[in-house]
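# Structural description and commentary
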Amino acid sequence: MIKAFRISFSLQNTYRVNSIIYSLKQIPLLGRLLPSALYGSRGLKRVITVISFLWEILSAFLGKVLYLFLMVWLPLELYPASVPRPDAYLHILFFLTVIGAMMNTWMFDPTNDKYYAMVLMRMDARAYTLSNYIYVMLKFAVGFLPFSLLFGNRAGVPFLLSLLFPFFVVSAKMIFALISLKRYLKTGVSTNENLPGRYLWTFTFLLLVAAYGLPAFGLTLPWQAAGILFLAVILSGFYSGTVIRTFPYYREMYQQILAQKRYGTDMQAQVRQAVREQNQKYISQDFDIQTNKKGFEAFHELFVKRHRKILWKPVQRTTGICCCVLLGALLAVKINGQLEIAVNRMLMSALPFFCFIMYLCNRGTIYTQVLFMNCDHSMLTYSFYKKPAFILKLFQIRLRELVKMNLPPAIVIGGGLALLLYVTGGTDHGMNYLVLIFSVLAMSVFFSVHYLTCYYLLQPYNTYTDMVSTTYRLVTSGTYFVCFLLMRVQFDTLVFGSLAIVFCMGYCVIACLLVYRLADRTFRLRN
């Protein structure tokens, strides 16, 4: 088993090294400077191997501390003082751990390294699975342990429960892995974690509501009950481990899970096919759809009408959720006088926080995916479609539609913030009301322009509709991190809002110029 793990670790490292080199070669300018001979460079591979090893150690801890801080500790700060802190902390941890165990057991994730090892190299499936599974579970336990003790101590949780939490996480994952193995024995159907079913998503949503919603009403698991559940799950984990260790059909099960990889390294084939089939259900087959417009206006209007369920139904859902949150906030500040003062103070200094909220509400990524999969994927094969004047014309039409899609939740959020400010005591400067409204609208417009511009200038999809552009990933990841960092920034609402509005106007002008000048060379099909 140790030999199998050593071979598999070497295989994963080689795959990681080649992936890094490939990603670097996709970056404009830098890719031209890097020769293909780098794939065979032993010196470079040794350096990246060391980096990979250090990252393996860092990743064991970094993800865990971010998870506990962002998903547990920060929400804990939002609950009123009347909610017992240890109870709320363990309550959230319990439900989130159940979600994580359901959605990610590692064992049923069809990754490339599993395909290479068990299908191409014909390694012993049982030895490969068990050795790597033990390693991954140890990483979870070791990574969680120090931060479980740290955050648990700060939340007032008994030391023993904080000590048991990492073992609770590992045991919960083993239980759900066992359930999937039993299901395979009974039905012959293996689980694929990349394709969770509708019922699993529904159950996950309900657990999220239980995790974060119940403490807001003062309903939490007592820490004593959480301790009993921890012990029960850990004891069940011991039994699950013995069954996992003796399970005899790993090769047959993985042959089914990895069946869609028969085309080599196309690990997304099954997901891609499922997405296409799902999208087909939402595309209107009504042949009576018509338009009175002409040219690209008619072309785009017909596209929007046919794809209205994909494009506009989520907007309506998001707007409805924003309305419910606003009504809940208005009710809460009227009931709780201390909360009313805190909200008023927050609205005068925490406007940067809502950059992240608008980032989450933005539909740019989905919009561009639908555009490419169901329109540009075919139209880019025609030369007239890539002429600068036509590109700019269609860009402006699409931008108008994306702004319209992002505006409804932005109007609710911006207007809601102004209403909350008024209800919680108001402000001495009337301009703050207008700045709250128009700055949120400006953020919405910015994200609309930003994502559509990135799509035209970096066009990240290949002919199989897979995202392959490293530069696009870097830009979108950078956007996420900037918005995330702004969550912790305190800035005067009037100043930050005014800067946001001016920045958005300038960005729109620059984006249109760049698209007109460059998109005829960048907006193309990738190999």
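Described in the following lines is the structure provided in the data block.

Rules and cut-offs
- Residues numbered from 1 in each chain as written.
- Predicted model: local features only at pLDDT ≥ 70, side-chain atom pairs only at ≥ 80, totals over all residues.
- Heavy atoms only, no water.
- Helix = DSSP H or I, 4+ residues; strand = E, 2+ residues; numbered from the N terminus.
- Contact = heavy atoms within 4.5 Å.
- Phe/Tyr/Trp six-rings, centres within 6.5 Å; stacked < 30°, edge-to-face > 60°.
- Buried < 20%, exposed > 50% of the residue type's maximum accessible area, 1.4 Å probe, protein only.
- Lys NZ or Arg CZ within 6 Å of the ring centre and 35° of its normal.
- Salt bridge = Lys/Arg side-chain N within 4 Å of Asp/Glu carboxyl O.

## Thoughts on the overall build of the protein chain
Per the secondary structure count, the protein chain includes 20 helices and zero strands. Sequence-distant contacts in the protein chain: of pairs separated by 6 or more residues, those separated by 24 or more amount to 81%.

## What about the packing of aromatic side chains?
The relative placement of two aromatic rings is captured by the distance of their centres and the angle of their planes. A full pass over the atoms with the stated rule returns 36 aromatic pairs. Seen from their ring centres, phenylalanine 353 and phenylalanine 354 are 5.5 Å apart, and the 85° between their planes marks the pair as edge-to-face. Residue classification places phenylalanine 353 among the partly exposed positions, given a relative accessible area of 27%. For phenylalanine 354, a relative accessible area of 12% puts it in the buried group. Here tyrosine 455 and tyrosine 456 contribute two aromatic rings whose centre-to-centre distance is 5.6 Å and whose plane-to-plane angle is 85°, an arrangement assigned as edge-to-face. Aromatic rings pair up to connect Phe356, Tyr359, Phe446, Phe447, Tyr480, Phe481, Phe484, Phe503 and Tyr507 into one cluster. Over the aromatic face of phenylalanine 140 sits the side chain of lysine 64, whose NZ or CZ is 5.0 Å from the ring centroid. It is lysine 64 that lies over the ring of phenylalanine 144; its NZ or CZ is 5.9 Å from the centre.

## Section: the pattern of salt bridges
Under the criterion given, the structure shown has four salt bridges. Arginine 400 is the partner of glutamate 297 in a salt bridge, and the nearest nitrogen-oxygen pair spans 2.8 Å. Here glutamate 297 is found in helix H12 (residues 295–306), whereas its partner arginine 400 is found in helix H17 (residues 388–423), with 103 residues between them in sequence. Exposure remark for arginine 400: the relative accessible area of 39% places this residue in the partly exposed category. Among the ionic pairs, glutamate 301 bridges to lysine 305, the shortest N-O distance being 3.6 Å. On the criterion of helical spacing, the pair formed by glutamate 301 and lysine 305 is a turn pair, its members being four residues apart in helix H12. According to the relative accessible area criterion, glutamate 301 is partly exposed, its value standing at 22%. A residue is classified by how much of its surface remains accessible, and lysine 305, at 33% relative accessible area, is partly exposed.

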